[in-house]
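Reading the structure
The residues making up each chain are set out below.
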Amino acid sequence: MKTKVKVIVPATSANCGPGFDVLGAACNLYNEFTYELTKRGFELEVKGEGCERLQASGKNLAFSSFFRLWNELTDRRCTGLKVTMHNRIPLSRGLGSSSTAIVAGLMAANFLTGSTLTKEQLVDYATEIEGHPDNVAPALLGGFTVSYMAYGKANSLRFLPARELRFIAAVPEEPLSTFKARQAIPETVSHKDAVFNAGRSALLVGALLTGEYKYLPDAMEDRLHQPYRMPLINGTQAVFKAAKNAGAYGAIISGAGSTLMAYASPKADCEAIGQAMQQAFAKAGQKSVYHILKLDTEGARTVNN
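Residues numbered from 1 in each chain as written. Predicted model: local features only at pLDDT ≥ 70, side-chain atom pairs only at ≥ 80, totals over all residues. Heavy atoms only, no water.

Remarks on the pairing of strand β4 (residues 80-87)
How we decide: We treat two strands as partners when DSSP finds at least two bridges between them. Here a helix means four or more residues in a row that DSSP labels H or I, a strand means two or more in a row labelled E, and each is numbered from the N terminus.
Across seven bridges, strand β2 (residues 23-38) lies against β4 in antiparallel orientation. In the strand pairing of β4, L37 is matched with L81. As paired strands, strand β3 (residues 42-48) and β4 are joined by seven bridges and run parallel to one another. Bridge pairing links K47 to H86 in β4.

If you want it as structure tokens, here you go:
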């Protein structure tokens, strides 16, 4: 029986503008996890992001997600576990760092018990843990995903855009908790705003699938969550404007924030876009860094050690 596996999981950007809790995309920024079965006890080693915060415990998603599936697929319940993380995705910034831990644990448990489940099946387990599929689905499947719930099960349609894109992620120093970001959203919205978002979501998926990117500036607009979250991220509107002025199609709040992400053509000056976003954040009193990213098309993968 295999006792050790390495899992690589991509960062994700959920919501994608108007697709609140539905649309997601995987990006080529990665967390790496090594899982090793031991005789007893739990051990954690962390390099990079979160090295001072993360601990080996039942609350750590990398452990709890592993045992959620392990205990269902095998009778070996007294196994110890060592997890080594190399984290490149910043925590609490809207790039799916918690989803990588959930996905890694499920992928590792599935692999070490014989790989009996498909990635599509793992999406449902991951959604059970995460609460919604818009981050875990692209982390597992790669590409863009349209996720939905049907008969109590999570399902995701994966697709690749017709033409290549670049994503410029401006990551401010100040984090934003998902809980706080969700609290900012009203329980109800007007029928007019609901229709607006339905149209923009359909337009965004259509533009991506056809390669008609001239529609992206309008397609990335939103009235369900971004207007309510903008006050929580200093400089949001200025950063959005700076990105477009520098050549991006538009920009969105990535996930719950605080990262702001611009979509651009590979032919655009992505460095200039990133610098413009960074400068706009600086004028708002926020230090930031930016990453120029591509779409990850493979999703989470295992490497047998």
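So, helix α6 (residues 191-210)
Spelled out, the test is: Here the expected length of a helix is defined as 1.5 Å per residue gap, with one fewer gap than residues. Note on contacts: a residue pair qualifies if any of its non-hydrogen atoms lie within 4.5 Å across the two residues.
The terminal C-alpha atoms of α6, which comprises 20 residues, lie 28 Å apart, in line with the 28 Å expected from a rise of 1.5 Å per residue. Residues of α6 that are buried in the fold lie against β2, β5 (144-150), β6 (153-159) and α7 (216-219). Of the residues flanking the end of α6, it is G211, one or two places downstream, whose phi is positive at about 80°.

Considerations on the side chain of T12
Cut-off, in case you're wondering: Only protein chains enter the area calculation, which uses a 1.4 Å probe; residues under 20% of their type maximum are buried, those over 50% are exposed, and those in between are partly exposed. Between N or O atoms, a polar contact is any pair within 3.5 Å; within protein, one atom must be a potential hydrogen donor and the other a potential acceptor, and residues adjacent in sequence are included only when both atoms are from side chains.
Residue placement: T12 occurs in strand β1 (residues 4-14). Judged by relative accessible area, T12 falls into the buried class, the value being 0%. Among the polar contacts made by the side chain of T12, one reaches the side chain of N135 at a distance of 2.7 Å. Aside from chain neighbours lying at most four places away, what touches T12 is A25, A26, G94, L95, G96, N135, P138, A139 and S254.

Section: the sheet that holds strand β8 (residues 250-253)
The following threshold applies: Simply put, an axis is a line fit to the C-alpha atoms, just over the touching stretch for a helix, and the angle between two N-to-C directions goes from 0 to 180 degrees.
Spatial strand order, β8-β9-β7-β10: four strands in an open sheet with antiparallel pairing. Edge positions in the sheet fall to β8 and β10 (288-293), since each of these pairs with one other strand and no more. Put simply, the sheet's adjacent strands are angled 20° from each other on average, direction ignored. For β8 and strand β9 (residues 260-264), the ladder comprises four bridges, and the chain directions are antiparallel. Residue I252 lies in a different strand from β9, and its bridge partner there is M261. Where helix α10 (residues 270-283) meets the sheet, its contacts fall on β7 (166-172), β9 and β10, and the angle it forms with β10 comes to roughly 155°.

Digging into the packing of aromatic side chains
Operational definition: Centre distance within 6.5 Å is the pairing criterion for rings of Phe, Tyr and Trp, where only the six-membered ring of Trp is used; planes under 30 degrees apart are then read as stacked, over 60 as edge-to-face, and the remainder as tilted.
A complete count under the given rule lists nine aromatic pairs for this structure. Pairing F42 with F63 gives two aromatic rings, centres 5.9 Å apart and planes at 80°, and the pair type is edge-to-face. In this pair, F42 is assigned in strand β3 and F63 in helix α1 (residues 61-73), connecting sequence segments 21 residues apart. The exposed category is assigned to F42, whose relative accessible area is 51%. With centroids separated by 5.6 Å and ring planes inclined at 15°, the aromatic side chains of F144 and F159 adopt a geometry described as stacked. Of this pair, F144 sits in strand β5 while F159 sits in strand β6, placing them 15 residues apart in sequence. For F144, a relative accessible area of 2% corresponds to the buried category. On the basis of relative accessibility, which here comes to 8%, the residue F159 falls in the buried class. Among the aromatic residues, those joined into a ring-pair cluster are Y35, F42, F63, F66, F67 and W70.

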